[in-house]
Amino acid sequence: MPRVPRSRGGGEEKYSGAGVSTNPDINTTAVQTNGKIDFSHISNILEGAIDVLGNDNTKLATLENLLKTVLEKVAQKTRSRQNSKKRSSSTPPLAVPKTLIPPLTKKDLLSVGLTHAGFDHSRQNNVNDATNIERFKAFYGLEPTTLVPAFTDVKNKFPEATFHHLLITMNWLTLYDKYLVLSGRWGYHPDTIGPLVWRYARMIQSFLNDKVGLHHVDMDTAIPLSLDTATFTVNEIRTDPNSRWYDHKSHSSGFKYEFSLSTKKPQIAWTNGPFPGSKHEREQNVSLQKELGESLGSLQKMEESTELLRLEKDKAEMERSNAQRRIDQLEDQICGLLSSGKDFRYQLEWEREQNVSLQKELGDSRCEIERLREAGNELQHLLTSHLQQLESQIERAHANTVTIEQEKEKMVDRCFETEEQLAEATALQSEMQKQLLLSRQREDEMLVERTARELEIQQLQVQNTSLAEKQAELEKEVVYFKLQVERIMDELFIDNMPPLVCDENVPCVEDELMEVERSEKNPKRKRKY
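Residues numbered from 1 in each chain as written. Predicted model: local features only at pLDDT ≥ 70, side-chain atom pairs only at ≥ 80, totals over all residues. Heavy atoms only, no water.

**A word on the overall build of the protein**
Part 1: Along its length, the protein carries 13 helices and eight strands.
Part 2: Per-residue burial for the protein yields a buried fraction of 19% across its 529 residues.
Part 3: Of the contacts made within the protein by residues no fewer than 6 positions apart, 57% connect residues no fewer than 24 positions apart.
Part 4: Accessible surface for the protein amounts to roughly 39700 Å². Of this, 56% is attributable to carbon and sulfur atoms. (Helix = DSSP H or I, 4+ residues; strand = E, 2+ residues; numbered from the N terminus. Buried < 20%, exposed > 50% of the residue type's maximum accessible area, 1.4 Å probe, protein only. Contact = heavy atoms within 4.5 Å. Areas by Shrake-Rupley, 256 points an atom, 1.4 Å probe, with all protein chains shown as cover.)

Here it is in structure tokens:
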């Protein structure tokens with residue numbers, strides 16, 4: 001193990017006041033190897049210093065204090081570097097949750113939605129909140145602050161629903177991407193995404209009657225409602241190309257919807273649509289004006305009848321109070337007369353007459369009171385019956401409104417189903433057209449092939465004719481050669497026969513045979529006999 005060299009003088013070790021050598025033979029490059037710090041070398045140096053100091057507790061304590069001071073400096077440098085790194089980072093990293101669980105927050109929905117849209121947490125941290133919200137609206141149509149309560153209501157009404165599937169549905173409703181595009185973005189099979197987004201869209205649609213209706217509107221104001229038409233632009237309809245979808249305001253194809261809003265609070269009171277983009281707004285407003293006029297007229301009649309009943313009730317109560325006050329006055333007068341105690345006869349007669357008149361007036365008052373009570377009861381009964389009729393009319397109107405909304409919802413569902421069936425029929429028609437085109441191409445190919453075969457048959461027939469002619473010629477040549485062979489064989493046979501000495505006419509016979517041969521070779525030559 002390397003040791004720190006000691007500085008010796010006169011046989012004694014010289015130490016400074018701090019307890020360590022004043023001139024150690026150590027430089028800064030001694031603890032570096034190829035530009036890197038060699039911690040093992042530093043450890044060896046410290047162990048050597050401990051061996052040099054020996055058992056001197058004072059010097060060991062001084063070395064310990066020195067090491068503590070150095071370690072504190074190292075810790076300060078480490079903290080300063082960490083603080084500088086924290087200051088250099090603009091915003092803390094955004095923790096993106098893997099799943100969305102209740103209770104849903106704006107921050108979680110924004111982070112998860114942007115992550116699925118292709119913006120990871122590092123890109124989300126590099127921009128401000130306004131940019132992230134604009135990115136979110138580009139993919140999902142609305143801000144997270146709007147979607148959080150809507151998603152929460154859907155989750156409360158349909159516990160099996162998930163926030164993840166609601167995000168997929170809003171992405172589909174905003175961009176209307178193909179199922180293959182959504183499959184790559186969300187990791188589901190295209191055949192699964194189609195029924196999924198339609199089912200969740202109907203879940204959101206089920207809140208129409210709860211959120212939209214005239215029962216949310218305060219009709220006490222002078223102008224309770226406003227009416228306007230909004231156009232929603234769409235891509236050109238491929239299955240039904242027509243000029244009636246063209247909207248002259250946006251210069252594109254689209255659908256128009258009527259909206260009636262409350263002027264007192266942010267509340268949708270009525271909706272109507274969809275209409276083709278080319279339909280004028282005046283034609284669309286006729287049905288709404290008619291329905292609103294009927295509703296406002298019925299409400300006004302109800303208010304007038306209620307006011308009349310209230311006035312009649314107040315009048316009856318006033319007459320009843322006047323009669324009761326008159327009865328009280330008469331009773332007070334009778335009690336006063338009875339308590340006077342006068343004995344004069346004329347006074348008694350007068351009192352009797354006065355009592356008779358008072359009793360008569362009292363009876364008349366009691367009859368009037370009974371009549372007023374009966375009239376009040378009749379008015380109250382009439383008022384109660386009117387109120388019940390009004391309540392029943394309101395309930396019937398509300399039931400009719402709910403029935404109309406349900407019918408409208410059914411019509412929308414039927415429209416969606418019709419569109420799906422039309423899309424399927426269009427796809428089937430295109431498939432049949434493709435098959436028909438393929439069959440026509442196949443027929444054309446078969447016709448060409450048949451024509452080629454007919455040409456080949458004709459060529460083969462010509463070849464057969466030529467071959468038959470050649471065969472006839474060959475047969476003729478064969479017959480000729482057979483005759484030649486027979487002649488040659490006959491000549492050979494004759495030549496091989498022994499001559500007859502006794503036959504004197506042999507030379508004449510030979511001359512005759514030669515003449516026959518010449519005549520066969522040359523038919524024009526006449527035979528001589």
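**Concerning helix H5 (residues 129–140)**
Part 1: Its twelve residues give H5 an end-to-end C-alpha distance of 16 Å, which sits within 8% of 16 Å, the value for a rise of 1.5 Å per residue.
Part 2: Within H5, burial applies to Asn 132, Ile 133, Arg 135, Phe 136, Phe 139 and Tyr 140. One side of H5 holds all its buried residues, which, seen down the axis, span an arc of 160°.
Part 3: Check the buried side of H5 and you find it contacts helix H3 (106–116), helix H4 (121–125), helix H6 (144–157), helix H7 (163–175) and helix H8 (179–186).
Part 4: Just beyond H5, the residue with positive phi is Gly 141, at close to 85°. (Expected span 1.5 Å × (residues − 1). Arc of directions from axis to C-beta.)

**Focus on the side chain of Lys 256**
Part 1: By the secondary structure assignment, Lys 256 is in strand S7 (residues 252–262).
Part 2: Overall, Lys 256 belongs to the buried group, its relative accessible area being 7%.

**Quick notes on the pattern of salt bridges**
Part 1: Counted under the stated rule, the structure contains eight salt bridges.
Part 2: The partner of Arg 244 in a salt bridge is Asp 240, with the nearest N and O atoms 3.1 Å apart.
Part 3: The partly exposed category is assigned to Arg 244, whose relative accessible area is 35%.
Part 4: The residue Arg 450 makes a salt bridge to Glu 454 at a minimum N-O spacing of 3.7 Å. With Arg 450 and Glu 454 both in helix H12 (residues 345–496) and four residues apart, this pair spans about one turn of that helix. (Salt bridge = Lys/Arg side-chain N within 4 Å of Asp/Glu carboxyl O.)

**Comments concerning the packing of aromatic side chains**
Each aromatic ring pair is characterised by the separation of its centres together with the angle its planes make.
Part 1: This structure, assessed with the given rule, holds nine aromatic pairs.
Part 2: A centroid spacing of 5.1 Å and a plane angle of 65° characterise the contact between Trp 198 and Phe 416, whose relative ring orientation is edge-to-face. Taken together, the residues Trp 198 in helix H9 (residues 190–205) and Phe 416 in helix H12 connect sequence positions 218 residues apart.
Part 3: A connected cluster of aromatic rings, assembled from ring pairs, spans Trp 172, Tyr 176, Trp 198 and Phe 416. (Phe/Tyr/Trp six-rings, centres within 6.5 Å; stacked < 30°, edge-to-face > 60°.)

**What about the nonpolar core?**
Part 1: Ranked by size, the top nonpolar core spans 32 residues in total, and within it Leu 109, Phe 136, Tyr 140, Phe 151 and Leu 167 carry the most contacts.
Part 2: For this core, the elements supplying multiple residues, two or more each, are H3, H5, H6, H7, H8 and H9.
Part 3: Discounting residues that sit within four places of it in the chain, Leu 109 has contacts with Leu 100, Leu 104, Phe 136, Pro 144, Leu 147, Val 148, Phe 151 and Leu 167.
Part 4: With five residues, the next largest nonpolar core counts Ala 323, Ile 327, Leu 362 and Leu 372 among its residues. (Core = buried A, V, L, I, M, F, W, Y, C linked by side-chain atoms within 4.5 Å.)

**Side note on the environment of Gly 118**
Part 1: Tracing the sequence through the fold places Gly 118 in the loop between H3 and H4.
Part 2: Owing to a relative accessible area of 46%, Gly 118 belongs among the partly exposed residues under this scheme.
Part 3: For the pair Gly 118 and Arg 185, spaced 67 residues apart in sequence, the C-alpha to C-alpha distance is 8.5 Å.

**Digging into a nonpolar patch on the surface**
Part 1: The grouping of Phe 493, Ile 494, Met 497 and Leu 513 at the surface amounts to a nonpolar patch, some 410 Å² of accessible area in total.
Part 2: Among the secondary structure elements, Phe 493 is positioned in helix H12.
Part 3: A relative accessible area of 57% places Phe 493 in the exposed class. (Patch = residues over 30% accessible without salt bridge, like charges linked within 9 Å, V, L, I, M, F, W, Y side chains within 5 Å.)

**Some points on a negative patch on the surface**
Part 1: On the surface, Glu 417, Glu 419, Glu 420 and Glu 424 cluster together into a negatively charged patch.
Part 2: For Glu 424, the position within the fold is in helix H12.
Part 3: You can call Glu 424 exposed: its relative accessible area is 57%. (Lys, Arg positive; Asp, Glu negative; His and termini not counted. Charge placed at Lys NZ, Arg CZ, Asp CG, Glu CD.)

**A word on the confidence of the model for the protein**
Part 1: For the protein, per-residue confidence averages 77 on the pLDDT scale, and 77% of positions sit at 70 or higher.
Part 2: Taken element by element, the predicted model of the protein shows its lowest mean pLDDT in strand S2 (residues 12–13) (40) and its highest in H5 (94).
Part 3: Throughout residues 342–346 the model reports pLDDT below 50, and contacts reaching past four residues in sequence, or to other chains, amount to three contacts. (pLDDT = per-residue confidence, 0-100.)

**Things to note about the packing of H5 against H7**
Part 1: Where H5 contacts H7, the two axes come as close as 7 Å, and the packing angle between them is 75°. By the angle class used here, H5 and H7 are roughly perpendicular. Listed contacts from H7 to Phe 136, Lys 137, Ala 138, Phe 139 and Tyr 140 of H5 are Leu 167, Met 170, Asn 171, Thr 174 and Leu 175.
Part 2: Tallied by class, the residues present in the contact of H5 with H7 amount to seven nonpolar, two polar and one charged. (Axes fitted to C-alpha atoms, helices over the stretch in contact; angles between N-to-C directions. Parallel < 35°, antiparallel > 145°, perpendicular 65-115°, else oblique. Nonpolar A, V, L, I, M, F, W, Y, C, P; charged D, E, K, R; others polar.)

**Considering the pairing of strand S8 (residues 268–276)**
Part 1: By the bridge criterion, six bridges tie S7 to S8 in an arrangement that is antiparallel. Bridging from a neighbouring strand, Leu 261 pairs with Ile 268 of S8. (Pairing = 2+ DSSP bridges.)

**A word on H7**
Part 1: Taking 1.5 Å of rise per residue, the 13 residues of H7 would be expected to cover 18 Å, and the 18 Å separating its terminal C-alpha atoms lies within 8% of that figure.
Part 2: Residues of H7 that are buried: Phe 163, His 165, Leu 166, Leu 167, Ile 168, Thr 169, Met 170, Asn 171 and Trp 172.
Part 3: On its buried side, H7 packs onto H3, H5, H6, H8 and H9.
Part 4: Trailing H7 by a residue or two, Tyr 176 shows a phi angle of about 55°, which is positive.

**Section: unusual backbone geometry**
Part 1: For the bond from Pro 102 to Pro 103, the omega torsion is -5°, close enough to zero to count as cis.
Part 2: Relative to the helices and strands, Pro 103 resides in the loop between helix H2 (57–88) and H3.
Part 3: In this chain, Gly 273 is followed by Pro 274 through a cis amide linkage whose omega measures 5°.
Part 4: Phi at His 251 is positive, roughly 55°, even though this residue is not glycine.

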